[in-house]
Amino acid sequence: GAGVSQSPRYKVAKRGQDVALRCDPISGHVSLFWYQQALGQGPEFLTYFQNEAQLDKSGLPSDRFFAERPEGSVSTLKIQRTQQEDSAVYLCASSPRRFGTDTQYFGPGTRLTVL
Amino acid sequence: QQQVKQSPQSLIVQKGGISIINCAYENTAFDYFPWYQQFPGKGPALLIAIRPDVSEKKEGRFTISFNKSAKQFSLHIMDSQPGDSATYFCAASSYGKLTFGQGTILTVHP
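What you are looking at is a predicted structure, and each value in this text was computed from that prediction instead of being measured. (Residues numbered from 1 in each chain as written. Chains lettered and ligands numbered in written order. Predicted model: local features only at pLDDT ≥ 70, side-chain atom pairs only at ≥ 80, totals over all residues. Heavy atoms only, no water.)

Could you give an account of the state of the cysteines, with specific residues and numbers?
Put plainly, a disulfide is one covalent bond tying together the sulfur atoms of two cysteines. Residues and elements named next belong to chain A. Overall, the coordinates contain two disulfides over all chains when judged by the stated rule. Across the disulfide from Cys23 sits Cys92; the S-S distance is 1.8 Å. Disulfide Cys23-Cys92: torsion about the S-S bond near -65 degrees, hence left-handed. Of the two residues, Cys23 sits in strand β3 (residues 19-24) while Cys92 sits in strand β9 (residues 88-95), which places them 69 residues apart along the sequence. Its relative accessible area of 0% is what places Cys23 among the buried residues. We classify Cys92 as buried; its relative accessible area is 0%. (Disulfide = S-S within 2.5 Å. Helix = DSSP H or I, 4+ residues; strand = E, 2+ residues; numbered from the N terminus. Buried < 20%, exposed > 50% of the residue type's maximum accessible area, 1.4 Å probe, protein only.)

Here you go:
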């Protein structure tokens with residue numbers, strides 16, 4: 001079956017632009033996570049959804065970052081007024097159980113470059 | 001605040017050798033410890049995972065050793081192959097939220 005998909009795969013933005021990154025999780029997966037991976041580093045947690053509810057957004061670096069999952073499936077991570085330090089790979093992961101207490105399946109990521 | 005420390009940063013082994021990567025954690029609330037493998041341009045993929053109630057888990061050529069009292073765990077790759085060349089991340093989970101180590105770049109020479 002299809003895995004987690006993300007689009008676009010690559011995004012180049014000028015500083016100050018808004019961007020929207022999409023995640024299509026595995027069908028039926030309850031949990032959805034967003035992570036940010038800087039070059040040469042491990043992924044860092046951004047936010048967690050259980051169905052449509054955003055239960056943890058403690059990792060969002062600033063109020064310029066906003067995520068939603070309105071119907072409990074597709075999720076969008078929006079970054080307003082992008083800055084150079086936002087350049088990273090944004091990874092989405094889904095899991096069949098609540099709180100992802102099982103395997104998290106990662107998408108290929110969206111590489112964001114802010115010029 | 002770095003809650004999971006991973007070493008070494010890079011590792012070179014010969015084909016057929018044993019690759020060993022170590023991790024240490026601080027937060028005793030962690031209850032699930034997965035290892036992920038990542039190839040360039042791809043997302044991390046689960047390799048093997050362990051829960052703190054067992055001290056060792058083996059799947060094929062991959063073994064996790066877990067020491068709860070020392071708050072340390074390690075990945076052993078037996079009979080390492082060139083196809084194992086990738087970046088490996090340990091992670092620790094609390095309520096599903098993964099905290100990753102810094103990663104180890106493994107190179108297996110033929």
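Which residues make up the interface of chain A and chain B, and what values do they have?
Contacts between chain A and chain B engage 21 residues on the former and 17 residues on the latter. Of all residues in chain A, Pro43, Phe99 and Phe106 of chain A give up the largest surface area on contact with chain B, accounting jointly for 28% of the area buried on that side. At the boundary of chain A and chain B, one finds one salt bridge. Residues Asp56 of chain A and Lys97 of chain B are paired through a salt bridge, measuring 3.9 Å at the closest nitrogen-oxygen approach. If you look at where chain A meets chain B, you find six residue pairs in polar contact (both at pLDDT 80 or more). Of all the elements, strand β4 (residues 31-37) of chain A adds the most residues to the side of chain A that touches chain B, at three residues. (Contact = heavy atoms within 4.5 Å. Buried area = accessible area lost by both parts, 1.4 Å probe. Salt bridge = Lys/Arg side-chain N within 4 Å of Asp/Glu carboxyl O. Polar contact = N/O pair within 3.5 Å; in protein donor to acceptor, adjacent residues only side chain to side chain.)

How would you explain unusual backbone geometry if you had to name every residue and give the values?
Looking along the chain, the bond that leaves Ser7 of chain A and enters Pro8 of chain A is cis, with omega of -10 degrees. Inspection of the secondary structure assignment puts Pro8 of chain A in the loop between β1 (5-7) and β2 (10-13). Put simply, Ser7 of chain B and Pro8 of chain B share a cis peptide bond, and its omega is -5 degrees. Mapping Pro8 of chain B onto the fold places it in the loop between β1 (4-7) and β2 (10-14). Positive phi, close to 55 degrees, is recorded for Lys71 of chain B, a residue that is not glycine. Along the chain, the position of Lys71 of chain B falls in the loop between β7 (62-67) and β8 (72-77). A residue is classified by how much of its surface remains accessible, and Lys71 of chain B, at 27% relative accessible area, is partly exposed.

Lay out the environment of Ile77 of chain B in plain terms, naming residues and giving numbers.
Residues and elements named next belong to chain B. Along the chain, the position of Ile77 falls in strand β8. Overall, the relative accessible area of 0% leaves Ile77 in the buried class. In this structure, the C-alpha to C-alpha distance between Ile77 and Ile18, residues 59 residues apart in sequence, is 5.6 Å. Every residue in contact with Ile77, bar those within four places of it in the chain, is listed here: Gly17, Ile18, Ser19, Arg61, Phe62, Asp84, Tyr88 and Leu106.

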